[in-house]
Amino acid sequence: MDDTPFVLGINRTQDASICLMQGSHLAWAIQKERLTRHKHHWGKPGDLRDHYAPRLPGLERPIDIVVECFSSDEEIGSLPVYDDELAATLVLARDSRRARISHHLAHLYSVFHPSPFDEAAVMVIDGQGSPVSDFTEHWSGAASTPGDWREVSSFYSASRKEIRCIGKQVRPPDGARHVDGRLVGLGMFYFLLTQAIFPGEGNEGNVMGLAPYGDPAALGLPPLDVEGMAVGIPSAWRSLLRERSRFRFGSAEARFTDCANLAAAGQRAFEVALLALAHWLYRQTGAEHLCFAGGTALNCSANERLLRETPFRRVFLPPAPSDAGTALGCAIYGLTELAGRPCDFRWSADYLGPPPQLSDIEAALDGATDLVVERPRGRDALCARMLDLLCTGRVIGLYQGRSEFGPRALGHRSILADPRRDRIRDWINARVKQREWFRPLAPVVPEERAAVYFDVAGPSPFMQFAAPVRPEVAPMLPAITHVDGTARLQTVGPADDPLLRVLLAGFEVRTGVPVLLNTSFNGKDEPIVESPFEAVAAFRQMPLHALAIPPFLVTKRSEPELPV
């Protein structure tokens, strides 16, 4: 009799998400936003009943283990409602077990256990996590810290046999306004910086993209205060961040130069402080390898410096380091700590969404009189048709297989174009994505060819590092080379996605360049497309020239204008 447990992990906070594992086999993991079409959608009562159970396979069978995590938001006050919904929606096995784990512990299990390392130092840094009173891990400072103070960074020494918390920075509930700024934390600093320039949720990437256009020294701002593992904001920074009208991008009062200079100063201060924390952690552990998670691990420019400027031999970041990844951390905690099973799952790919069905693809295209639907004979023929379009300046949507779990499009929910055309980046930003003109677009390249075009420190399958473009080839790749000469690249190894490999090889044969432009397949203020119906709808709304949705290639009877 098969006693392999079914384990469900649920992240109930920002970037709500859910993950189902059967033993070490990951059935699927997905963010709530992909189902509701609401970016950064928070966890709420009703998620299981209204969004997850109707759309995700496997939730109808008995679940052996359920592990949830919350953060410092108010949702934890709704525990009875969540409990009632879980009992009414799921079929729980007779001896089922349940647990709730604290926020940074979920991040830890999402990054170390699926990493390639047997031993590593682990760094978790985000805006804020669980209050001390809700910790489900041992931290030596808990007894002497008020229960409502919240974790902002956590540091660990980890092996497959033991995990030890070395230290945490915590702050009071109103820490962002603390009188001396000493208890804010690095993640909260970047959040405050982002809010000063781009209000709203999830705009940290805008700051990172804007920073290279500014002068980090122009505003005369000092470095952040770093003592050991603690980060605080000096008074000069706190005063300037209050000048919202001066730095609010797009407002009548703000000058682009001021916005860019503040972004540049903040990015540099963040990077210097992050490096200091990594060096401190290395001195505490002497570990060869580093695992890094939390929302700050999405900062590709800083990640590149971690690779090059710290003593760690290798640095691993999961493709979903933000709160979304904690659903996987919950499931792995349930597997290892409650079921007592080893975790053999490794982050070798990020295609973790539930697989689409051919019948749904056919239904999405059925009766589409405004579209021309072809069915090339096999993958190579489909790629040949895509290459015909790409080499003539067309921009293509690519929808294939299981969706990416993290925020980066890695060739399954992507928009592809020719990176040699200097106008195509502006055209995609303005016409297709309808977003700020300064936002960079990413390249995808075969792993074995990457070093010819980029100064890379190793494989980058999850698009997490901003590597320098080699100066001699940068003029050949204007659409993916940012103003600072870097690119957030994705490498595709020999055992990785076969369609991408064929496409890149074919593009090199035709153009001499094995690089394509790759950006996420989503419209303005929308999550990445998830279903075939959403992909076809987005294709109709955007001025894309074709949609590759294997086994079909779709074009428009009335073709949009070409990028000029």
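Right, let's walk through the structure included here. Position labels on residues start from 1 in each chain and follow its written sequence. The predicted nature of this model means local features are confined to residues of pLDDT at least 70 and side-chain atom pairs, given and counted, to a pLDDT of 80 or more, with totals for whole chains, interfaces and linings taken over all residues. Think of the side-chain values as coming from all heavy atoms in the structure, minus any hydrogens and water.

1. Overview of the overall build of the protein chain
A count of helices and strands for the protein chain gives 17 helices and 22 strands. In this description the radius of gyration comes from C-alpha coordinates, and the expected globular size is given by 2.2 Å times residues to the power 0.38. Against the 2.2 N^0.38 benchmark of 24 Å for 564 residues, the protein chain shows a C-alpha radius of gyration of 23 Å, consistent with a compact globule. Taken over the C-alpha atoms alone, the protein chain extends approximately 70 × 65 × 45 Å along its principal axes. Of all 564 residues assigned to the protein chain, the portion counted as buried reaches 58%. The contact criterion used throughout is that any non-hydrogen atoms of two residues lie within 4.5 Å. Within the protein chain, residue pairs in contact and separated by at least 24 positions form 72% of the contacts whose partners lie at least 6 positions apart. Using a 1.4 Å probe, the Shrake-Rupley method yields the accessible areas, and only the shown protein chains count as cover for residues. Taken as a whole, the protein chain presents about 21,400 Å² of accessible surface, with 49% of it coming from carbon and sulfur. Computed over 60 positive and 68 negative side-chain charges, the inter-centroid distance for the protein chain is 3 Å. Only DSSP runs of H or I covering at least 4 residues are called helices, and only runs of E covering at least 2 are called strands; the numbering of each starts at the N terminus. Throughout, exposure labels follow a simple rule: accessible area from a 1.4 Å probe, protein chains only, divided by the maximum for the residue type, with under 20% read as buried, over 50% as exposed, and the rest as partly exposed. Two residue types count as positive, namely Lys and Arg, and two as negative, namely Asp and Glu; His and chain ends fall outside the count. Lys charges are placed at NZ, Arg charges at CZ, Asp charges at CG and Glu charges at CD.

2. So, the nonpolar core
Among the nonpolar cores identified, the biggest contains 69 residues, and M21, V122 and M386 are the most heavily contacted of them. By residue number, the principal contributor to this core is helix α11 (residues 326-338), which donates seven residues. Buried residues of nine kinds, namely Ala, Val, Leu, Ile, Met, Phe, Trp, Tyr and Cys, make up a nonpolar core once their side-chain atoms join them within 4.5 Å. Of all hydrophobic cores here, the second largest spans 54 residues; its members include A121, F312, V315 and A466.

3. Some words on the environment of V502
Among the secondary structure elements, V502 is positioned in helix α16 (residues 498-511). Given a relative accessible area of 24%, V502 falls into the partly exposed group. Taking the C-alpha atoms as reference points, V502 and A384, separated by 118 residues in sequence, lie 9.2 Å from one another. Setting aside anything within four residues of it in sequence, one finds V502 in contact with R379, D380 and C383.

4. Some words on the pairing of strand β6 (residues 119-125)
By the criterion of burial, β6 is predominantly enclosed, with six of the seven residues buried. Here a strand pair is declared whenever DSSP counts at least two bridges between the two strands. Taken together, the four bridges between β6 and strand β11 (residues 289-293) define a ladder with parallel strand orientation. Note that in β11 the partner of M123 across the bridge is F292.

5. Description of the environment of G493
Within the fold, G493 resides in the loop between β19 (490-492) and α16. The residues contacting G493, other than those within four sequence positions of it, are E447 and R501.

6. Considering the pattern of salt bridges
Salt bridge, as used here, is a side-chain nitrogen of Lys or Arg placed within 4 Å of a carboxyl oxygen of Asp or Glu. Throughout the structure, instances matching the rule amount to 36 salt bridges. A salt bridge links E243 to R246; its shortest N-O distance comes to 3.5 Å. Note on E243: relative accessible area 34%, which makes it partly exposed.

7. As for the sheet that holds strand β1 (residues 6-11)
If you walk across this open sheet you meet the five strands as β3-β2-β1-β4-β5, and the pairing is mixed. At either margin of the open sheet sits one strand with a lone partner, and together these are β3 (25-31) and β5 (92-101). Along the sheet, successive strands turn relative to each other by an average axial angle of 15°, direction set aside. Fitting a line to C-alpha atoms yields each axis, with helices limited to the stretch in contact; the angle taken between N-to-C directions then spans 0 to 180 degrees. Docked against the sheet, helix α3 (residues 79-89) engages β4 (63-69) and β5, running at close to 155° with respect to β5.

8. So, the sheet that holds strand β8 (residues 163-171)
Spatially, β8-β7-β6-β11-β12 is the arrangement adopted by the five strands of the open sheet, whose pairing is mixed. Because the sheet does not close on itself, it has two edges, and the strands there are β8 and β12 (314-316). Between one strand and the next, the sheet's axes are offset by a mean angle of 20°, whatever the strand orientation. Pairing analysis gives seven bridges linking β6 to strand β7 (residues 150-159), with the strands arranged antiparallel. Across the sheet, residue V122 finds its bridge partner in β7, namely Y156. Across the face of the sheet, helix α9 (residues 256-285) comes into contact with β6, β7, β8 and β11 while running at roughly 145° to β6.

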